[in-house]
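# Secondary and tertiary structure notes
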Amino acid sequence: MKVYFNNSCKICRAEIDLYKKEKIQEIDWIDITDNTLATEETSKNSKELLRRLHVKDGEKILEGAEAFLLVWKKIPKYKFLYNFFKLPIIFNIFSFTYEIVAFFLYLKNKRQLKN
């Protein structure tokens with residue numbers, strides 16, 4: 001499984017660093033900053049990658065709240081988050097909230113996009 005994240009975003013990096021500390025062998029952490037290989041592997045452009053967290057699991061690409069669920073499911077310490085946020089009503093609220101937060105993080109970090 002590959003997790004594509006924005007390492008140049010302080011908030012994104014801080015959260016991902018918590019997950020990296022768990023040293024899960026099945027997860028490769030991929031910084032999307034100036035990474036053309038990430039765009040090729042995900043078939044997403046730089047703007048799309050910057051807008052949300054992405055996970056590639058096999059040939060499937062998940063993004064946003066669904067991507068977080070998969071990350072949490074793979075990390076034993078955070079599996080309780082998976083179990084809670086996968087509940088239908090909770091997931092809808094989580095997904096909506098994630099999109100709002102991700103949008104503002106995107107606005108904050110979009111200057112790193114090349115025209």
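To start, this report covers the structure provided alongside it.

Each value, and the rule that gives it
- Residues numbered from 1 in each chain as written.
- Predicted model: local features only at pLDDT ≥ 70, side-chain atom pairs only at ≥ 80, totals over all residues.
- Heavy atoms only, no water.
- Salt bridge = Lys/Arg side-chain N within 4 Å of Asp/Glu carboxyl O.
- Helix = DSSP H or I, 4+ residues; strand = E, 2+ residues; numbered from the N terminus.
- Patch = residues over 30% accessible without salt bridge, like charges linked within 9 Å, V, L, I, M, F, W, Y side chains within 5 Å.
- Areas by Shrake-Rupley, 256 points an atom, 1.4 Å probe, with all protein chains shown as cover.
- Buried < 20%, exposed > 50% of the residue type's maximum accessible area, 1.4 Å probe, protein only.
- Expected span 1.5 Å × (residues − 1).
- Contact = heavy atoms within 4.5 Å.
- 1 Å grid on protein atoms, 1.4 Å probe; cavity = no way out; pocket = protein on both sides within 12 Å on 5 of 7 lines; lining within 4 Å.
- Points joined across faces, edges and corners; volume = space filled by probe spheres on them.
- Nonpolar A, V, L, I, M, F, W, Y, C, P; charged D, E, K, R; others polar.

Tallying each qualifying case throughout the model produces six salt bridges. Across the pair Lys2 and Glu41 runs a salt bridge, and its minimum N-O distance is 3.0 Å. Placement of the pair is Lys2 in strand 1 (residues 2-5) and Glu41 in helix 2 (residues 36-42), with a sequence separation of 39 residues. A salt bridge links Lys77 to Glu22; the shortest N-O distance between them is 3.7 Å.

A cluster of nonpolar side chains, namely Phe96, Ile100, Phe103, Phe104 and Leu107, defines an oily patch on the protein surface of about 500 Å² accessible area. For Ile100, a relative accessible area of 37% corresponds to the partly exposed category.

On to helix 6 (residues 88-109). Along its 22 residues, helix 6 runs 31 Å from first to last C-alpha, staying within 8% of the 32 Å computed at 1.5 Å per residue. The inward-facing, buried residues of helix 6 contact helix 1 (10-20), helix 3 (46-51), helix 4 (65-74) and helix 5 (79-85).

Turning our eyes to something else, we now look at the layout of surface pockets. A volume near 390 Å³ is recorded for the largest pocket. Taken together, 23 residues make up the lining of the largest pocket; nearest its centre are Cys12, Glu15, Phe68, Tyr98 and Leu105. Taken together, the elements giving at least two residues each to the lining of the largest pocket come down to strand 1, helix 1, helix 3 and helix 6. Its residues assigned to classes, the lining of the largest pocket shows 17 nonpolar, three polar and three charged. In this structure, the second largest pocket is lined by twelve residues; those nearest its centre are Ile32, Asp34, Asn35, Ser46 and Gln112. In terms of residue count, the dominant contributor to the lining of the second largest pocket is helix 3 (three residues). Broken down by class, the residue content of the lining of the second largest pocket amounts to four nonpolar, six polar and two charged.

So, about unusual backbone geometry. At Asp34, a position not held by glycine, the phi torsion is positive, near 50 degrees. The residue Asp34 is located in the loop between strand 2 (28-31) and helix 2 in this model. Phi angles above zero are rare outside glycine, and Ser43 is one such case at about 60 degrees. Residue class for Ser43 comes out exposed when judged on its relative accessible area of 66%.

Purely geometric stuff here, so don't read any function into it on its own.
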